Amino acid sequence: MKRTIAAILSAAMLVTAAAAAEAPSSWAKSAVDTARNAGIVPEQVDQAYTQSITRADFCALAAAVYRTWEKSGNVKSVEKTAVSFSDTKDEDVLLCASLGVVNGVGNGKFAPQQKLTRQQAASMLHRLGNLRKNAKDSVKERMPHVFADGADIQAWARSDVYWAYNSGVMNGVSGNRFAPNNSYTHEQSIATMLRLYDTKYAEVPSKTAAKYTVVVDSDDGFNVQMHLEDAKGNKLLTNYKKYNGEFTAITVFGEWVYLYREDSREYTVYNMKTGETLENYALATVDGEQVGWAIPMNIDSITYGKDYMIFTDGTKATQTYDHLTDFKDGKAVVRVDSKTIRAIDTAGKTVWSMNFALDHKKMYLSDNIGDRFVATTDDDTSYTIIAGGKRIASSSRALKLNQYSDTYIAAESTGYYALYNFKGKKLTKTYQNAFDEVGQNIYSRWINDKEYEYIRCDADGTNKVLFRVKPILNGGRPGLLATDGAGVYALPTDEHTITCFDRFGATLGTIKIEDTIDIYYRLSFENGCLRVVDSYPNGKTDAVNALYLPTGEQIS
């Protein structure tokens, strides 16, 4: 009898555990219940909520939404295309394919059991959404959002991701990331399909104005004046000394701001929250990081060992350091003594330590960011790369660390350069005269005095030529490409065309300029959009100053 009762209790516990495993996560429960009641959740999707959804099952969800819209007369008139696949006869898949909501994977196959990625989901949601009557697909819905991992979004999905995010159909993940290559769960699929099914469930991201904004009042190329404003447009720091809030340069790092006056040669780091003032200090920070350095600034002398670790929330570490690199990915390198250096995290704890004799009087640093740098003797006869607590390379010729990958450019002889990885493997041919990193895995190389080539080189050494162009900006030699900071770039590819492309080398769009693009043109990104300015109009009444989507569509 006891055994029977125990068996019944055990079975009950197993059933309860299974039921709990089948329940949606707390954040998704309401959306799943609402979608189920609306009749848009197929049986095979209404289970295993935290498991990844397949391409076929996402089509089942999409087909359910489409059929519901169709019954209520809420779809556009669309001519369906006959479609077939060799690996599935699923009616939902064929419906979605006939409507252009989804494509096959090539060779007549659909791969129904393949896991769906987040960027694939965004593309399907966008195409399905455009089938609804009165669907919104204006520039406003496709305005870029600069995700921290935006460089990983493929060209074919980029506008779809922006649309899904701006429409409140899909959210990002933690840390302002989209995670485009991550799989998509059943409950995530149901929740986003509900937001698409009825816009009243959409979670449109709120547009929060920056707490502090730098406003340029004048810039004639020689003299610059700017001021700081709050989110309401009020001018700040008007009572700071006698300057009425006007400065030659302002840099914002959370609650800390760097203020510079050219006329009095004053360098100041000021705390907007507490009013703390660090006279004769400047900021050394990296975009996207929460920690940076306040470093002594004096045009007559250099001070070592008095650098403060500062945080965007307005706090400051009490300990001072002799910083060698700026913080990147939460790490920086500091000099301990004449024989030792160490990498620290944002709490000041040691990440790694190594013996390295760095004499400030005999050496200088370059490419110093995160846990890596190049140390060079003052006479430029010895170069050493330090990264991750290891001596990566040493040479009597120039070495240059690359920003986006574990690679460096080495001078093999005078005027000849090649790309190497940290294991010492040569990844490119040897190039003459000029070879520079200009973007993520993107490099420019000299061909002749009138032409440069832009190439992409992957970690495995695969090389691909992207563009062959006449350098127009930067005085006739390529510099860093204009970028949104997340894998989108802009480059004048001829005297009337600007091409936007991603880090994979895929073209996103082109911008045609009637005027002739010359060295006075400036390209910059503003919240993912490209600003094109003729900075020296020289009397032109129609000088170019316009904002574009990376697709080439003009916004203003």
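Residues numbered from 1 in each chain as written. Predicted model: local features only at pLDDT ≥ 70, side-chain atom pairs only at ≥ 80, totals over all residues. Heavy atoms only, no water.

**Student:** Teacher, can you tell me more about the sheet that holds strand β16 (residues 383-387) here?
**Tutor:** Hydrogen bonding along the main chain pairs the strands of a sheet, whether they run parallel or antiparallel. With respect to topology, four strands assemble into an open sheet ordered β14-β15-β16-β17, the strand pairing being antiparallel. The sheet is open, and its two borders are formed by β14 (363-369) and β17 (390-395), each paired with just one other strand. In this sheet, neighbouring strand axes are inclined to one another by 20 degrees on average, regardless of whether the strands run parallel or antiparallel. Sheet topology places strand β15 (residues 372-377) next to β16; five bridges connect them, and they run antiparallel. From the neighbouring strand, Thr376 faces β16, where its bridge partner is Tyr383. (Pairing = 2+ DSSP bridges. Helix = DSSP H or I, 4+ residues; strand = E, 2+ residues; numbered from the N terminus. Axes fitted to C-alpha atoms, helices over the stretch in contact; angles between N-to-C directions.)

**Student:** It is not clear to me how the sheet that holds strand β10 (residues 316-321) should be interpreted in this structure. Could you clarify?
**Tutor:** Strand order in the open sheet formed by four strands is β7-β8-β9-β10, with antiparallel pairing between adjacent strands. Every interior strand has two partners, whereas the edge strands, β7 (281-284) and β10, have only one. In this sheet, neighbouring strand axes are inclined to one another by 30 degrees on average, regardless of whether the strands run parallel or antiparallel.

**Student:** Quick question: what am I supposed to make of the packing of helix α3 (residues 55-71) against helix α5 (residues 118-129) here?
**Tutor:** When two helices pack together, you describe them by how their axes are tilted relative to each other and by the distance separating the axes. Taken N-terminus to C-terminus, the directions of α3 and α5 make an angle of 15 degrees; their axes are 11 Å apart at the nearest point. Considered as vectors, α3 and α5 are oriented roughly parallel to each other. Crossing angle aside, the handedness with which α3 passes α5 is right-handed. Mapping the contact onto sequence places Phe58, Cys59, Ala62, Val65, Tyr66 and Trp69 in α3 and Ala121, Met124, Leu125, Leu128 and Gly129 in α5. Within the contact of α3 with α5, the residues separate by chemical class into ten nonpolar, one polar and no charged. (Parallel < 35°, antiparallel > 145°, perpendicular 65-115°, else oblique. Left-handed = near helix turned anticlockwise from the far one by under 90°. Contact = heavy atoms within 4.5 Å. Nonpolar A, V, L, I, M, F, W, Y, C, P; charged D, E, K, R; others polar.)

**Student:** Quick question: what am I supposed to make of the nonpolar core here?
**Tutor:** Looking at soluble globular proteins, one finds that nonpolar side chains tend to be buried together. Phe58, Leu128, Met170, Ile190, Met193 and Leu196 are the most contacted members of the largest nonpolar core, which totals 52 residues. Elements with a contribution of two residues or more to this core: α2 (29-37), α3, α4 (91-98), α5, α6 (155-166) and α7 (186-197). For this core, the element with the highest residue contribution is α3, accounting for ten residues. (Core = buried A, V, L, I, M, F, W, Y, C linked by side-chain atoms within 4.5 Å. Buried < 20%, exposed > 50% of the residue type's maximum accessible area, 1.4 Å probe, protein only.)

**Student:** Please explain the packing of α3 against α4 as it appears in this structure.
**Tutor:** α4 packs onto α3 with a crossing angle of 70 degrees between their chain directions and a minimal axis gap of 8 Å. When the interaxial angle is binned, α3 and α4 end up roughly perpendicular. With respect to the hand of their crossing, α3 and α4 are arranged in left-handed fashion. Residues Ala56, Cys59, Ala60, Ala62, Ala63, Tyr66 and Arg67 of α3 form the contact with α4, whose participating residues are Glu91, Asp92, Val93, Leu95 and Cys96. Its residues placed into classes, the contact of α3 with α4 shows nine nonpolar, no polar and three charged.

**Student:** Please explain the confidence of the model for the protein chain as it appears in this structure.
**Tutor:** Reading fine detail from the predicted coordinates is not recommended where pLDDT is low. Model confidence for the protein chain is summarised by a mean pLDDT of 91, while 95% of its residues fall at 70 or above. The low-confidence segment residues 1-21 (pLDDT under 50) makes zero contacts with residues lying over four places distant or belonging to another chain. (pLDDT = per-residue confidence, 0-100.)

**Student:** How should the side chain of Glu453 be read in this particular structure?
**Tutor:** With respect to the secondary-structure elements, Glu453 resides in strand β24 (residues 451-457). On the basis of relative accessible area, Glu453 is assigned to the buried category, the value being 11%. Ignoring anything within four residues of it in the chain, the contact list for Glu453 reads Tyr443, Ser444, Arg445, Ile447, Val465, Phe467 and Arg468.

**Student:** Would you mind showing me how to read the pairing of strand β11 (residues 332-337) here?
**Tutor:** In regular strands, side chains alternate between the two faces of the sheet. Relative to strand β12 (residues 340-344), β11 runs antiparallel, the two sharing five bridges. In the strand pairing of β12, Val333 is matched with Ala343. The antiparallel hairpin formed by β11 and β12 contains two residues in its connecting segment.

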